[in-house]
Amino acid sequence: MYRRGGAMLTLLAALQVVVWGEGATLCEPAFTQPEYSVIVSDVITEGQALLKVSFVDCGRGSGLRFESGDPADFRIGADGTVYAARTLHLSERKGQSLKIRMKDAEAQEVWLTHVSFTLPNTPKQVPEIVFPWRSVVVGGDGSVSRVKRDWVIPPINVPENSRGQFPEELVKIRSDRDKINTLRYSVTGPGADQTPTGLFIIDPITGQLSVTKPLDREQISNFHLRAHAVDINGNQMENPIDIVINVIDMNDNRPEFSHQIWNGTVDEGAKPGSFVMTVTAQDKDDPNTANGMLRYKILSQSPESPSTNMFTINNKTGKIITVAAGLDREKVSQYTLIIQATDMEGNPMYGLSNTATAIIRLLDVNDNAPEFTRETFHGEVPENRVNVIVTNLTVTDKDKPGTPAWNAVYRITSGDPTGRFSIPTDPTTNEGLITVVKPIDFEMSHLYTLIVVAENEVPLVGGIHRTRQSTATISIRIIDVNESPNFDPNPKQVKLDEGLPAGSTLTTFTAHDPDRQGQSIRYSKLFDPANWLEIDPNSGRISTITLLDRESPYVRNNLYNATFMASDNGIPPASGTGTLQIYLLDINDNAPRVFPREAEVCERPEPNAINITAVDGDLSPNAGPFAFELAIRPSDVRRNWTLTRLSGEYVQLSLKIGYLHSGVYEVPILITDSGNLPMANTSYLRVKVCQCDHHGDCVDMERIMAAGLGTGAIIAILICIIILLVLVLLFVMWMKRRDKERQAKQLLIDPEDDVRDNILKYDEEGGGEEDQDYDLSQLQQPDTLEHDLVKPVGIRRLDERPLHPEPSYPLRSAAPHPGDIGDFIHEGLKAADTDPTAPPYDSLLVFDYEGSGSTAGSLSSLHSSSSGGDQDYDYLSEWGPRFRKLADMYGGNDD
């Protein structure tokens, strides 16, 4: 059943292929239904899909084609979908059916089916599917059986998004066994009892299969159901049959572009037909029907320059290409196209559309040559300067900045044969920087005229040529400067025999001034490490001031280097330096010396040999081979020793006698070199004769003695060390005894009994208990420890003791001994007698001084007197109640 709007398609059951018994399958090409019926409204519009017919081609292939029997009113697609070719009224056809033919052009065969159109008030007919059975067959034994026949059930087509009344009947399933048994019908599969469940239901009594709600082909395009027939006891009465339900596509989805904005590029000046980009869209509808067949077109182009149609699009593939010439990035750098995609093969009447934006950027090509802003540029540069920018060359280029088509490259075509200039490009401004890369001499050329051509990093495209403005002339003036005098050659080398006396002339080392102004040059010595030379400041003549010695430490590889300076009188003055290399030739001026200077031998002749050679500061042939000979004197030299020649450079010294006492011996050896005037020298070899072990090595004691320390010296050193240790020990013992004596002389009493630090309380019969309540705060000093630090400079109390060095009073011992108390008292008395600051001066008492600043007066202001009549003690009453008794006693009050 097929419905769109008010139309409904009724499918008639048809049997396409019948397989009898167990035999072979016979396939004949045919329509799945000999007649189709569709219920539609009276008015149908152009392009409206009415139904879809199906044809079994049995493998005939692509040679089959659908044909409409009434092409003026109806057309049929390749997939069998029938569309209205125009808007028409079905009532005008007066029940006339539509013939649909399938034609095989190769075999010249034609198959025919009919489509009848029914108005909505026409009674609905539901197709019926019957479980098929063959006629009764009687067996040889008289038994009766029925032979099953297999059926190929044609698919049931159901349009998606149906607006009919639900549940909507699709097909009726029936078994011919229902005449003798009560049967129950059911369906299984996706859409029935499997997900999505409940889409299809069946009446278990009548076998009426219905759909419960609209279907969506974009979710599920077809359903495979299986129909069952059982009796009331659940016994299977028929084999299940398969039912296929195809969801017929409706044009209910608009095309969707993959991107809303598409970006593409094309070279400017591209030829027509150049590819730009491809845009694509998708439609969720069936791509095999017109509902999903898209067509593209360009709706608009912005800007419309130089023409309105610079691009075209393939309506099927979406490929965009150029269609006209004249793309110029310098005029229009970007185009914006609005692209439309329409389904129903682009039919604007009933197709659905959507749009997207395509942005096309024009890529820059080198179609504009760089042009100089001026024909002539000027610059100037001082001579002999390098890496200096003379002037900047400016150009204009219409191509895109920063691209190879815009970047300028400057090339000097003439005027610089020696390559003294280069022109790098500033990457930011695109200017050419004329730079001096080799020194320029003003005396050689005063002016340079260069011809420069400006090009790009990439060549110009075909058909574009460099203009006259791409070439410029550059005039460069050279500024004269005062140049330094130059020594030539530099360095200069001379060869001389060493030993040349002072005052000898070596050579003349002069410099020339490159300037042509006739400046005078003066010479001076800059570096002469051995101070051997002097130079005449005017002539440059170099002479010696001392003897030249090749063996000097300042000579390296026979070369002595000295540096001289030449200065002109230009403005400003300039100077240059030159190096004189003196190659000193060797003469025989050094006598040979023995080497090594010291050696060791054993007291016995075996083993007893020393290999010696000679060193000579001169070079060959003024050095070796050498002649060695023992001196004649002293006489015991040749008696004790002997020389054996090994080669021209080496001899062997050995004992001539059987035994020689240990000690140090100076052996004189006369050595003569091989110079043209040979030089001889008596050199002394210090030989240490010692006792040796079985390996022939000197023992340690003998080595010490051989070094010059005898047994007496060693004993003297040991005695000195012992005496030093005894003195240190005696000093330590004396220090400890002194500490003990100091501790024994101290007064060893309990700190609580120290009369100097405490106020003693004596039994007193007068005054009563009131006199025992003393205010000790009146006697305390707040700055006991640091009175000298806080007291203002130059201020002293009258009763303050004089500033004299305080005597050293004996300290108390922590553990006093009764016998030491007498000594302690006598020492305290002696200290008090010699202390001028101890008040009073006729007493043996010693008081601690507690500092200045007390609120009470010093006790030293109280003077002893036989009579108190001349004293005024009334001020004691002002000190408080504790001193009133004392005021009464000494104040002379009668009371």
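Owing to the predicted nature of the structure, the values given are computational and were not obtained by experimental measurement.

(A) Highlighting the overall build of the protein. From N to C terminus, the protein includes 6 helices and 60 strands. Sorting the 895 residues of the protein into buried and exposed places 36% on the buried side. Look at the contacts in the protein between residues 6 or more apart in sequence, and 66% of them connect residues 24 or more apart.

(B) Region of interest: unusual backbone geometry. The omega angle of the peptide bond from Asn490 to Pro491 is 5°, so this bond is cis rather than trans. Position of Pro491 among the secondary structure elements: in the loop between strand S44 (486–487) and strand S45 (492–497). With an omega of 0°, the peptide bond between Phe595 and Pro596 qualifies as cis. Tracing the chain through its elements places Pro596 in the loop between strand S53 (593–595) and strand S54 (598–602). Residues other than glycine seldom take positive phi values, yet Met344 does so here, at roughly 50°. One can find Met344 in the loop between strand S33 (334–342) and strand S34 (353–363). The phi angle at Asn558 is positive, at roughly 70°, despite the residue not being glycine. Secondary-structure assignment places Asn558 in the loop between strand S50 (541–544) and strand S51 (559–568).

(C) A look at the state of the cysteines. Enumeration over the complete set of coordinates arrives at 1 disulfide. Disulfide pairing places Cys602 opposite Cys692 at an S-S distance of 1.8 Å. Torsion about the S-S bond of the Cys602 and Cys692 cystine: about -105°, corresponding to left-handed handedness. With Cys602 in strand S54 and Cys692 in the loop between strand S60 (680–690) and helix H2 (700–706), this pair connects stretches of sequence that are 90 residues apart. Judged by relative accessible area, Cys602 falls into the buried class, the value being 7%.

(D) Summary view of the sheet that holds strand S57 (residues 641–645). Read across the open sheet, the 4 strands follow the order S53-S55-S58-S57; overall the sheet is antiparallel. Only two strands of the sheet have a single neighbouring strand rather than two, namely S53 and S57. On average, each strand axis in the sheet is tilted by 35° relative to the strand beside it, whichever way the strands run. Two elements, strand S55 (residues 609–615) and strand S58 (residues 651–655), share 4 bridges in a ladder whose sense is antiparallel. Note that in S58 the partner of Ala609 across the bridge is Ser654.

(E) Expanded view of the sheet that holds S51. Pairing is mixed across the open sheet formed by 4 strands, whose spatial order is S45-S52-S51-S48. Two strands close off the open sheet at either side, each with one partner strand: S45 and strand S48 (521–527). Averaged over all pairs of adjacent strands, the angle between their axes in this sheet comes to 30°, without regard to strand direction. Two strands pair when backbone bridges link them, and S45 and strand S52 (residues 575–585) are joined in this way by 6 bridges, in the parallel orientation. Bridging from a neighbouring strand, Gln493 pairs with Gln581 of S52.

(F) Local environment of the pairing of strand S42 (residues 447–456). The pairing of strand S39 (residues 408–414) with S42 spans 6 bridges and is classified as antiparallel. The residue bridging Ala408 from the neighbouring strand is Asn456, located in S42. Relative to strand S43 (residues 471–479), S42 is paired through 7 bridges, and the arrangement is antiparallel. Bridge pairing in S43 places Val453 opposite Thr471.

(G) Examining the nonpolar core more closely. In this structure, Ile173, Phe200, Leu209, Leu215, Ile243 and Ile245 are the most contacted members of the largest nonpolar core, which totals 26 residues. Contributions of two or more residues to this core are made by strand S19 (156–159), strand S20 (168–175), strand S21 (183–188), strand S22 (200–202), strand S23 (208–211), strand S24 (222–231) and strand S25 (241–248). By size, the runner-up hydrophobic cluster in this structure holds 25 residues, among which are Ala270, Ala281, Tyr296 and Met310.

(H) A look at helix H5 (residues 821–833). For H5, which comprises 13 residues, the first-to-last C-alpha distance of 18 Å matches the rise-based estimate of 18 Å (1.5 Å per residue) to within 8%. Along H5, the residues that are buried comprise Phe824, Gly828, Ala831 and Ala832. Taken end-on, H5 shows its buried residues confined to a sector of 95°, consistent with a single buried face. The exposed set on the far side of H5, more than 90 degrees from its buried face, consists of His826, Lys830 and Asp833.

(I) Here's a closer look at the packing of aromatic side chains. Applying the stated criterion across every chain yields a total of 16 aromatic pairs. Each member of the aromatic cluster is reached from another via a ring pair, and the members are Phe31, Phe55, Phe66 and Trp111. Across the ring face of Tyr583, the terminal group of Lys495 is positioned such that the distance to the ring centre comes to 5.4 Å.

(J) Up close: the pattern of salt bridges. Per the stated rule, a full pass over the model turns up 18 salt bridges. With a shortest N-O distance of 3.3 Å, Glu218 and Arg217 are connected by a salt bridge. Glu218 gets classed as partly exposed once you look at its relative accessible area, which sits at 24%. Residue Arg217 is classed as buried on the basis of its relative accessible area of 13%. In this structure, the salt-bridge partner of Asp528 is Lys525, at a minimum N-O distance of 3.3 Å. The structure contains a network of salt bridges with shared partners spanning Glu598, Glu666, Arg686 and Lys688.

(K) Representation of the side chain of Asp249 within the structure. Topologically, Asp249 is positioned in the loop between S25 and strand S26 (256–257). Look at Asp249 and you get buried, because its relative accessible area is 7%. Among the polar contacts made by the side chain of Asp249, one reaches the main-chain amide nitrogen of Asp286 at a distance of 2.9 Å. Beyond its immediate chain neighbours, meaning those up to four positions away, Asp249 contacts Glu160, Arg217, Glu218, Asp285, Asp286, Thr289 and Asn291.

(L) Structural context of the confidence of the model for the protein. The share of residues in the protein with pLDDT of 70 or more is 79%, and the mean pLDDT across the chain is 79. Counting contacts from residues 752–758, a segment whose pLDDT is below 50, to residues more than four positions away or on other chains yields 9 contacts. Under a pLDDT of 50 for its full length, residues 861–868 has, in the predicted model, 3 contacts with residues more than four places off or in other chains.

(M) Main features of the pairing of strand S11 (residues 81–84). On S11, burial covers both faces: Thr81 and Tyr83 on one face and Val82 and Ala84 on the other are all buried. Both strand S7 (residues 49–52) and S11 contribute to a ladder of 3 bridges, which runs antiparallel. Bridging from a neighbouring strand, Lys52 pairs with Thr81 of S11. Looking at chain direction, strand S10 (residues 74–76) and S11 are connected through 3 bridges and run antiparallel.

Rules used throughout
Residues numbered from 1 in each chain as written. Predicted model: local features only at pLDDT ≥ 70, side-chain atom pairs only at ≥ 80, totals over all residues. Heavy atoms only, no water. Helix = DSSP H or I, 4+ residues; strand = E, 2+ residues; numbered from the N terminus. Buried < 20%, exposed > 50% of the residue type's maximum accessible area, 1.4 Å probe, protein only. Contact = heavy atoms within 4.5 Å. Disulfide = S-S within 2.5 Å. Pairing = 2+ DSSP bridges. Axes fitted to C-alpha atoms, helices over the stretch in contact; angles between N-to-C directions. Core = buried A, V, L, I, M, F, W, Y, C linked by side-chain atoms within 4.5 Å. Expected span 1.5 Å × (residues − 1). Arc of directions from axis to C-beta. Phe/Tyr/Trp six-rings, centres within 6.5 Å; stacked < 30°, edge-to-face > 60°. Lys NZ or Arg CZ within 6 Å of the ring centre and 35° of its normal. Salt bridge = Lys/Arg side-chain N within 4 Å of Asp/Glu carboxyl O. Polar contact = N/O pair within 3.5 Å; in protein donor to acceptor, adjacent residues only side chain to side chain. pLDDT = per-residue confidence, 0-100.

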